[in-house]
Amino acid sequence: KPKQAKGQGKTGHKIVVTDEMLQQPIPEGSRDNTMTAIVGHYCANRDLRRFGKDFILNICLQHNEKYCKPPLEDQAIRDKVDYFFEAEQLKVNG
């Protein structure tokens, strides 16, 4: 099975994270793709990255708890943050 590109839904279209999306409930069925896009969004934010991976992880865990119905497992969020934070570090460090 080919890996999906970062921030892309099952249909291959890119999920664009908007301020509105960051304040809406995420229903079952779209939680994984939406949280993947949101984690990528937070990890790509240079200002947030300066505070470190744990800071971004806490933001993402809180977002998951508050907006995902029901929340994804914490480990799923940790895995996404690990992946995207490292990917962003590689971009910066070349």
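Conventions adopted
Residues numbered from 1 in each chain as written. Predicted model: local features only at pLDDT ≥ 70, side-chain atom pairs only at ≥ 80, totals over all residues. Heavy atoms only, no water. Helix = DSSP H or I, 4+ residues; strand = E, 2+ residues; numbered from the N terminus. Phe/Tyr/Trp six-rings, centres within 6.5 Å; stacked < 30°, edge-to-face > 60°. Buried < 20%, exposed > 50% of the residue type's maximum accessible area, 1.4 Å probe, protein only. Salt bridge = Lys/Arg side-chain N within 4 Å of Asp/Glu carboxyl O. Axes fitted to C-alpha atoms, helices over the stretch in contact; angles between N-to-C directions. Parallel < 35°, antiparallel > 145°, perpendicular 65-115°, else oblique. Left-handed = near helix turned anticlockwise from the far one by under 90°. Contact = heavy atoms within 4.5 Å. Nonpolar A, V, L, I, M, F, W, Y, C, P; charged D, E, K, R; others polar.

Asker: Where do I start with unusual backbone geometry in this structure?
Answerer: When glycine is set aside, most residues are seen to have a negative phi, and most peptide bonds are trans. Each neighbour pair has its own omega, and for Lys69 with Pro70 the value is -10°, a cis peptide bond. Note that Pro70 resides in the loop between β2 (68–69) and α4 (74–93).

Asker: Help me understand the packing of aromatic side chains in this model?
Answerer: Aromatic ring pairs are described here by two measures, namely the spacing of the ring centres and the angle between the planes. The full count for this structure, using the stated rule, is 2 aromatic pairs. With 4.7 Å between their ring centres and 35° between their planes, Phe51 and Phe55 make a pair best called tilted. Residue Phe51 is classed as exposed on the basis of its relative accessible area of 57%. Ring centres 5.1 Å apart and planes at 80° place the aromatic pair Tyr83 and Phe84 in the edge-to-face group. Classification of Tyr83 by relative accessible area gives exposed; the value is 52%. Look at Phe84 and you get buried, because its relative accessible area is 4%.

Asker: What am I meant to see in the pattern of salt bridges here?
Answerer: Any two side chains of opposite charge can pair, so long as their charged atoms come close to each other. Within the structure shown, the criterion is met by 5 salt bridges. Residues Asp32 and Lys80 are paired through a salt bridge, measuring 2.8 Å at the closest nitrogen-oxygen approach. Here Asp32 is found in helix α1 (residues 31–43), whereas its partner Lys80 is found in helix α4, with 48 residues between them in sequence. Put simply, Glu88 and Arg49 hold a salt bridge, and the shortest N to O gap is 3.8 Å.

Asker: Please clarify how the packing of α1 against α4 should be interpreted in this entry.
Answerer: When two helices pack together, you describe them by how their axes are tilted relative to each other and by the distance separating the axes. Interhelical geometry of α1 versus α4 gives an angle of 40° and a closest axis separation of 9 Å. Considering the angle they form, α1 stands oblique to α4. The interaxial crossing formed by α1 with α4 has right-handed handedness. Across the interface between the two elements, Asp32, Met35, Thr36, Val39, Gly40 and Cys43 from α1 touch Ile77, Lys80, Val81, Phe84, Phe85 and Glu88 from α4. A per-class count over the contact of α1 with α4 returns 7 nonpolar, 2 polar and 3 charged.

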